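Fold and contact review
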Amino acid sequence: MIKKESELRCGLLGRKLGHSFSPLIHSFAGDYSYELFEVEPENADDFIKNGDYDAINVTIPYKENAYRLADILSEDAKAIGAVNTIKFTEAGAFGYNTDYFGFGRMLEYNDIAITGKVAVVLGSGGAARAVIKCLADKEAAQIYLVTRDVTSVDEHFLEIAPSCKVIDYA
């Protein structure tokens, strides 16, 4: 059964969301409900698997949970290793990563050419993977990932962009 837009239940899954403007932004975007779902880490998998909603955006720290639990992954999500949007249908949970396209579109909109340039990414959170993948695909000459603790950086960053250099803030 196809739902009317006004019947759709959507939201944002995260741990601390008090700062989020997402419900306000989405109130202008369409005629659907958009809620904040603050969930503790030990309950995240159950929330993703058993929730009663049509789609969710996923933020810190659950993008990797969403990646692991999606039934079907888009090609961008597979390449990045993280999911920030899940659409639930009768066929299953479809996982996407829209950060890649959002970052790429921002570069295009602002006429920022990356090919042959040096790029610096501050922080190694979930969105950083998408940014590094986009920079690598746009053929940045060198990518630096700057993080507080280089030992905590996931090896997947180097799979996304093998020439990426990981350095600390010092």
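Here's what I pulled together on the structure shown here. In this text the structure is predicted, and so the values were computed from the model without any measurement.

Helix and strand content of the protein: 7 helices and 9 strands. For the protein, the C-alpha radius of gyration of 17 Å lies close to 15 Å, the compact-globule estimate for 170 residues. Considered along the principal axes of its C-alpha atoms, the protein spans approximately 50 × 35 × 30 Å. Residues classed as buried in the protein amount to 39% of the 170 residues present. Across the protein, the fraction of contacts at a sequence separation of at least 24, relative to all contacts at a separation of at least 6, is 50%.

In terms of nonpolar packing, the biggest core is built from 22 residues, with Val121, Ile132, Leu135, Ile143 and Leu145 touching the most fellow members. Listed by contribution, the elements that provide at least two residues to this core are α5 (99–109), β7 (118–122), α6 (126–137), β8 (142–147) and α7 (156–160). Looking at this core element by element, the count peaks at 6 residues for α6. Excluding its chain neighbours within four sequence positions, the residues that come into contact with Leu145 are Val121, Gly123, Ser124, Ile132, Val153, Phe157, Cys164, Lys165, Val166 and Ile167. In terms of nonpolar packing, the next biggest core, distinct from the first, is built from 17 residues, Ala77, Val83, Ile86 and Ala93 among them.

With that settled, the discussion passes to the state of the cysteines. In this structure the tally under the stated criterion is 0 disulfides. Between Cys134, a free cysteine, and Cys164, which holds the nearest cysteine sulfur, the sulfur-to-sulfur gap is 14 Å.

Let us look at the sheet that holds strand β3 (residues 55–58). Strand order in the open sheet formed by 6 strands is β2-β1-β3-β5-β6-β4, and the pairing between neighbours is mixed. The open sheet has two free edges, formed respectively by β2 (33–38) and β4 (72–73), since each of these has just one partner strand. Bridging between strand β1 (residues 9–14) and β3 involves 4 bridges; their strand directions are parallel. Within the sheet, the bridge partner assigned to Cys10 lies in β3 and is Ala55. Contacting β1, β2 and β3, helix α1 (residues 22–29) runs over the sheet at an angle of about 165° to β2.

Our next topic: the packing of α5 against α6. In contact at an axis separation of 8 Å, α5 and α6 are set at 55° when each is read in the N-to-C sense. Classified by the interaxial angle, the pair formed by α5 and α6 is oblique. The two elements α5 and α6 cross, and the hand of that crossing is right-handed. The segment α5 lies against α6, with Asp99, Tyr100, Phe103, Gly104 and Leu107 engaging Ala127, Ala130, Val131, Lys133, Cys134, Leu135 and Asp137.

For the rest of this paragraph, the subject is the sheet that holds strand β9 (residues 165–168). The strands that make up a sheet are held in pairs by hydrogen bonds between backbone atoms, and each pair lies either parallel or antiparallel. Spatially, the 3 strands line up as an open sheet ordered β7-β8-β9, and their pairing is parallel. The open sheet is flanked by β7 and β9, the only strands paired with a single partner. Ignoring strand direction, the axes of neighbouring strands in this sheet form an average angle of 25°. Pairing of β7 with β8, which is carried by 5 bridges, proceeds in the parallel orientation. By the bridge assignment, Ala119 is partnered in β8 with Ile143. Sheet strands in contact with α6 are β7 and β8, and its direction is about 175° off that of β7.

The rules behind the values
- Residues numbered from 1 in each chain as written.
- Predicted model: local features only at pLDDT ≥ 70, side-chain atom pairs only at ≥ 80, totals over all residues.
- Heavy atoms only, no water.
- Helix = DSSP H or I, 4+ residues; strand = E, 2+ residues; numbered from the N terminus.
- Rg over C-alpha atoms; globule rule 2.2 N^0.38 Å.
- Buried < 20%, exposed > 50% of the residue type's maximum accessible area, 1.4 Å probe, protein only.
- Contact = heavy atoms within 4.5 Å.
- Core = buried A, V, L, I, M, F, W, Y, C linked by side-chain atoms within 4.5 Å.
- Disulfide = S-S within 2.5 Å.
- Pairing = 2+ DSSP bridges.
- Axes fitted to C-alpha atoms, helices over the stretch in contact; angles between N-to-C directions.
- Parallel < 35°, antiparallel > 145°, perpendicular 65-115°, else oblique.
- Left-handed = near helix turned anticlockwise from the far one by under 90°.

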